[in-house]
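Given next are the chains, with one letter for each unit.
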Amino acid sequence: MSDGDRTGAGSAGWLRGWRPAVSMASRNLRRNRVRTVLAVLGVCIGVLAVAALGIFGNVLALGADDAIGDIGTQVVVSPNADAGVESLSDADVASIRRAVGEPAVVPLYSDSATVARQGDQTFATVYGIEEPALAYEAAEGRLPERHRQGAILGAGIAADLDAGAGDTVEIAGSQVRVIAVLVESQTFSPVAPDDAVFLPESAFSADGYAQALVISDTGAEARAAANAIREEVNAREERVDLFELAALVDEINEFFDLLSTFLLGLGAISLVVAGVSILNVMLMSTVERRQEIGVMRAVGVARRDVLRVLLAEAGLIGAAGAAAGTLLTVLLVAGLVLATPAVDAALVIDPTNGYYLLLALVFGVGVGLVSGAYPAWKAANQRPVEALRN
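Rules and cut-offs
- Residues numbered from 1 in each chain as written.
- Predicted model: local features only at pLDDT ≥ 70, side-chain atom pairs only at ≥ 80, totals over all residues.
- Heavy atoms only, no water.
- Helix = DSSP H or I, 4+ residues; strand = E, 2+ residues; numbered from the N terminus.
- Buried < 20%, exposed > 50% of the residue type's maximum accessible area, 1.4 Å probe, protein only.
- Contact = heavy atoms within 4.5 Å.
- Areas by Shrake-Rupley, 256 points an atom, 1.4 Å probe, with all protein chains shown as cover.
- Patch = residues over 30% accessible without salt bridge, like charges linked within 9 Å, V, L, I, M, F, W, Y side chains within 5 Å.
- Salt bridge = Lys/Arg side-chain N within 4 Å of Asp/Glu carboxyl O.
- Phe/Tyr/Trp six-rings, centres within 6.5 Å; stacked < 30°, edge-to-face > 60°.
- pLDDT = per-residue confidence, 0-100.
- UniProt positions renumbered as here; feature names shortened; annotations may be inferred.
- Core = buried A, V, L, I, M, F, W, Y, C linked by side-chain atoms within 4.5 Å.
- Pairing = 2+ DSSP bridges.

*Asks:* Report on the overall build of the protein chain, specifying residues and quantitative values.
*Replies:* Looking only at helices and strands, the protein chain features 11 helices and 10 strands. Classification of the 390 residues of the protein chain by burial places 42% in the buried group. Of the contacts formed within the protein chain by residues at least 6 apart in sequence, a portion of 79% connects residues at least 24 apart. A total of about 20200 Å² of accessible surface is found on the protein chain, and carbon and sulfur atoms cover 57% of it.

See below:
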């Protein structure tokens, strides 16, 4: 017989050994249905707790990440007033560009003014910008490659004045045509575009820039850019302050990671309680069936076969509870989505939530097997004569 044949025969023999064990375990569990149902219920509740709390925590994290948007991709560079730097010079902007390399650097002049249209007026921050398309997107109109004339309105200002592309607004007493309205911002930043108006740089007579935006594609790139600015631009003196939004995102992500771990820990406590319940059921079952097990051993049933039967009982309890808990979790989460319109269904069906279902399912079955291991070992290793005597 070849090695492959022996391996196949060994696998088939292993499976044949477990089939009767599972069948006998099923009959034994049906004989004590109340006790079995209570043990299965304990595992079910534990699995439900682990899966549901894990998914809820993950949905919160995904929702926060979605709400935060792209704030982690920006770095706001401002002059360090404590060091006597009142504005960013052209040399400072050039140094920032050399330091960061690939990410776009968008310098901004800054002022404030009253913006009015058809009797409505509001107070807004007015920025001077040369390349608006590098930092923003237009909801109406088109952002020019070089901003030479006209005004670009933030979404909030446009809504307050009921203004759109092609309209005319009054800014600090001057009539200016609106060439574009920006998409509503999803970022948290010292530069708030929703409540701002963007004019060409030629509209400002300031000696230097108020701020510079570093626009990166990813949070990691933004962090690298911030570090490069600290090392190169601030090498001799602290000329600039950095508002690094990626650091804020990291702190938020760390909080939600901690929250998810905490929720999983609460669920795991329920599964530990369920494991103790299975341990108790299996110990009581082996005590009640000592003579039965003794007879089995006396007539030649191998120790491993007794072990298989009792492990199969514990495994079936764990598997039944885990399957029921997983199904209940799916129903509970679906009910949450239907009953709470504020919960985005796309976040709930995110593939990462499947990890918590799988984790809870495997954990539930594992708890059953681990809890049944000691009673099974104890029963399989007792001497037939002692078992029959009792």
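*Asks:* I'd like a rundown of a nonpolar patch on the surface, residues and numbers included.
*Replies:* Nonpolar side chains collect at one region of the surface, where V34, L38, L41 and I45 lie side by side and expose about 390 Å² of accessible area between them. Positionally, I45 belongs in helix α2 (residues 33-68).

*Asks:* Account for the pattern of salt bridges, with residues named and values stated.
*Replies:* Pairing is possible between side chains that carry opposite charge, provided their charged atoms lie close to one another. Scanning the entire structure with this criterion turns up five salt bridges. Where E130 meets R146, a salt bridge forms, and the shortest distance between an N and an O atom there is 3.5 Å. Of this pair, E130 sits in the loop between β3 (120-128) and β4 (138-141) while R146 sits in the loop between β4 and β5 (151-153), placing them 16 residues apart in sequence. Taking the relative accessible area as the measure of exposure, E130 reaches 27% and is therefore partly exposed. A residue is classified by how much of its surface remains accessible, and R146, at 39% relative accessible area, is partly exposed. As a salt-bridge pair, R239 and E237 come within 3.5 Å of each other at their nearest N and O atoms. A residue is classified by how much of its surface remains accessible, and R239, at 23% relative accessible area, is partly exposed. Through salt bridges with shared partners, a single ionic network connects D92, E237 and R239.

*Asks:* Let's hear about the packing of aromatic side chains: which residues, and what values?
*Replies:* For the coordinates displayed, the defined rule picks out five aromatic pairs. With a centroid separation of 4.5 Å and an interplanar angle of 35 degrees, the aromatic rings of Y109 and Y209 are classed as tilted. Placement of Y109 in strand β2 (residues 104-117) and of Y209 in the loop between β8 (196-199) and β9 (211-215) is noted, with a sequence separation of 100 residues between them. Neither Y109 nor Y209 differs from the other in exposure class; each is buried.

*Asks:* Summarise the confidence of the model for the protein chain; cite the residues concerned and give the values.
*Replies:* In regions of low pLDDT, the predicted coordinates are not meant to be interpreted in detail. Scored by pLDDT, the protein chain comes out at a mean of 80, with 83% of its residues at no less than 70. Element-level mean pLDDT values for the protein chain span from 57 in helix α11 (residues 384-389) up to 94 in β8. pLDDT under 50 marks residues 1-11. Its contacts with residues more than four places away, or in other chains, come to one contact.

*Asks:* Break down the UniProt feature "transmembrane region" (unreviewed entry) in the protein chain for me, with residues and values.
*Replies:* Here, UniProt's "transmembrane region" (unreviewed entry) annotation points to residues 36-56, 262-285, 306-334 and 354-374. Taken end to end, residues 36-56 is 100% helix and 0% strand, and its two terminal C-alpha atoms sit 30 Å from one another. Here residues 306-334 is 100% helix and 0% strand, with 42 Å between the C-alpha atoms at its ends.

*Asks:* Go over the environment of V348, please, and point to the residues and values.
*Replies:* By the element assignment, V348 lies in helix α9 (residues 345-348). The spatial distance from the C-alpha of V348 to the C-alpha of V333 is 7.6 Å, given a sequence separation of 15 residues. Residues contacting V348, with those up to four places away along its chain left out, are V59, V333, V337, V343 and N353.

*Asks:* So what's going on with the nonpolar core? Which residues, and what values?
*Replies:* It is characteristic of soluble globular proteins that their nonpolar side chains tend to be buried jointly. Counting 37 residues, the largest nonpolar core has I96, I171, V197, V214 and I229 as its most contacted members. It is helix α5 (residues 219-232) that contributes the most residues to this core, five residues altogether. Once you skip the residues sitting within four places of it in the chain, V214 turns out to touch T73, Q74, V75, V77, I96, V100, P103, A104, V105, A225 and I229. Judged by nonpolar contacts, the second largest core, of 17 residues, contains A135, Y136, I179 and F198.

*Asks:* Outline the environment of E254, supporting the account with residue identities and numerical values.
*Replies:* In this structure, E254 sits in helix α6 (residues 245-288). In sequence terms E254 and A61 are 193 residues apart; their C-alpha atoms lie 9.9 Å from each other.

*Asks:* Account for the pairing of strand β1 (residues 74-79), with residues named and values stated.
*Replies:* Here β1 lies mainly inside the structure; six of its six residues are buried. Here β1 shows no split at all, with Q74, V76 and S78 on one side and V75, V77 and P79 on the other all buried. Sheet analysis places β1 next to strand β10 (residues 240-244), joined by five bridges and oriented antiparallel. Note that in β10 the partner of S78 across the bridge is D241.

*Asks:* Which residues make up the side chain of N80, and what values do they have?
*Replies:* Following the sequence through the fold, N80 ends up in the loop between β1 and α3 (90-100). Aside from chain neighbours lying at most four places away, what touches N80 is V85, E238, R239, V240 and D241.

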